[in-house]
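These are the residues of each chain, in order.
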Amino acid sequence: KAGVTQTPRYLIKTRGQQVTLSCSPISGHRSVSWYQQTPGQGLQFLFEYFSETQRNKGNFPGRFSGRQFSNSRSEMNVSTLELGDSALYLCASSLEVTGSGYGYTFGSGTRLTVV
Amino acid sequence: KQEVTQIPAALSVPEGENLVLNCSFTDSAIYNLQWFRQDPGKGLTSLLLIQSSQREQTSGRLNASLDKSSGRSTLYIAASQPGDSATYLCAKNDYKLSFGAGTTVTVRA
């Protein structure tokens, strides 16, 4: 059974550019969440999507957005990149929406470097 | 205030010793708590999931306990091996996962 797939694995972007990251959840999983990991702040919740709808959102500026498609695949977009956006972005999938009691499975992440 | 705290921040033990990793969290209104392992530069690997109604969960050499009333969880790793060297993260699940800063474990051969 394939795990959570994130693409690309690595990205280097320039300040001011925008970037799109992709996440394919485990087959049958309908919830996709996104997290940012930095040395200073640790792991922080960005947002969760379920049935193509954003269900929960963390404390990040509007430059961070996402969407989910009918096949449960999800994309995350960051516009007007800043140096502080350099991080490991992790996607996690779950069978059902948070609160249902199911655990999360994480992908390997996308390492974004903003120069 | 940190929602999830992990103590100690780092741990170094000789091979064969048992490991005890602590996690404390605020607000006992959680759905479940999950323990993860992270190797350098990699994603998170789920180790154990404990539902809020459970007291403990076991998988092989790993055992995790949960005391919701006191806001504590403990991960025990029996007979540690060098391959257990990694950062261990606990995360409480309310409407999202809130993570501790992790405990970095080094098992010396």
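Residues numbered from 1 in each chain as written. Chains lettered and ligands numbered in written order. Predicted model: local features only at pLDDT ≥ 70, side-chain atom pairs only at ≥ 80, totals over all residues. Heavy atoms only, no water.

A. Local environment of the overall build of chain A. The helix and strand inventory of chain A stands at zero helices and 11 strands. Going from the N terminus to the C terminus, chain A shows its helices and strands as β-β-β-β-β-β-β-β-β-β-β. Compactness check: chain A gives a C-alpha radius of gyration of 13 Å against a globular reference of 13 Å for 115 residues, within 12% of the reference. Here the C-alpha coordinates of chain A stretch approximately 40 × 25 × 25 Å along the principal axes. With 115 residues in all, chain A has 50% of them scored as buried. (Helix = DSSP H or I, 4+ residues; strand = E, 2+ residues; numbered from the N terminus. Rg over C-alpha atoms; globule rule 2.2 N^0.38 Å. Buried < 20%, exposed > 50% of the residue type's maximum accessible area, 1.4 Å probe, protein only.)

B. Examining the sheet that holds strand β1 (residues 5-7) of chain A more closely. All names here are of chain A. Here four strands make up an open sheet; going across it, the order is β1-β3-β8-β7 and the pairing antiparallel. One side of each edge strand has no neighbouring strand; the edge strands of this open sheet are β1 and β7 (64-68). Between one strand and the next, the sheet's axes are offset by a mean angle of 20°, whatever the strand orientation. Alignment of strand β3 (residues 19-24) against strand β8 (residues 74-78), held across five bridges, turns out to be antiparallel. Each bridged residue has a counterpart across the sheet, and for Cys23 the counterpart in β8 is Ser74. (Pairing = 2+ DSSP bridges. Axes fitted to C-alpha atoms, helices over the stretch in contact; angles between N-to-C directions.)

C. View of the interface of chain A and chain B. Each partner contributes residues to the interface: chain A has 18 residues there, and chain B has 19 residues. Carbon and sulfur atoms supply 56% of the area that chain A and chain B bury against each other, a total of about 1400 Å² over both sides. In terms of surface lost to chain B, no three residues of chain A exceed Leu43, Tyr104 and Phe106 of chain A, which account for 33% of the buried area on that side. One can count zero salt bridges joining chain A with chain B. (Contact = heavy atoms within 4.5 Å. Buried area = accessible area lost by both parts, 1.4 Å probe. Salt bridge = Lys/Arg side-chain N within 4 Å of Asp/Glu carboxyl O.)

D. Fine view of the layout of surface pockets. Of the pockets and cavities examined, the largest pocket occupies roughly 480 Å³. If you trace the largest pocket, you find 21 residues lining it, with Leu43, Gln44 and Phe45 of chain A together with Glu3 and Lys96 of chain B closest to the centre. Counting residues per element, the ones that place at least two in the lining of the largest pocket are β5 (42-50) of chain A together with β10 (97-99) of chain B. Here the lining of the largest pocket takes four residues from β5 of chain A, the largest share from any one element. Of the residues in the lining of the largest pocket, the class split is eight nonpolar, nine polar and four charged. Considering the residues around the second largest pocket, the lining is formed by 15 residues, among which Gln37, Thr38, Pro39 and Gly42 of chain A together with Ala101 of chain B are closest to the centre. Listed by contribution, the elements that provide at least two residues to the lining of the second largest pocket are β4 (31-38) and β5 of chain A together with β9 (86-93) of chain B. (1 Å grid on protein atoms, 1.4 Å probe; cavity = no way out; pocket = protein on both sides within 12 Å on 5 of 7 lines; lining within 4 Å. Points joined across faces, edges and corners; volume = space filled by probe spheres on them. Nonpolar A, V, L, I, M, F, W, Y, C, P; charged D, E, K, R; others polar.)

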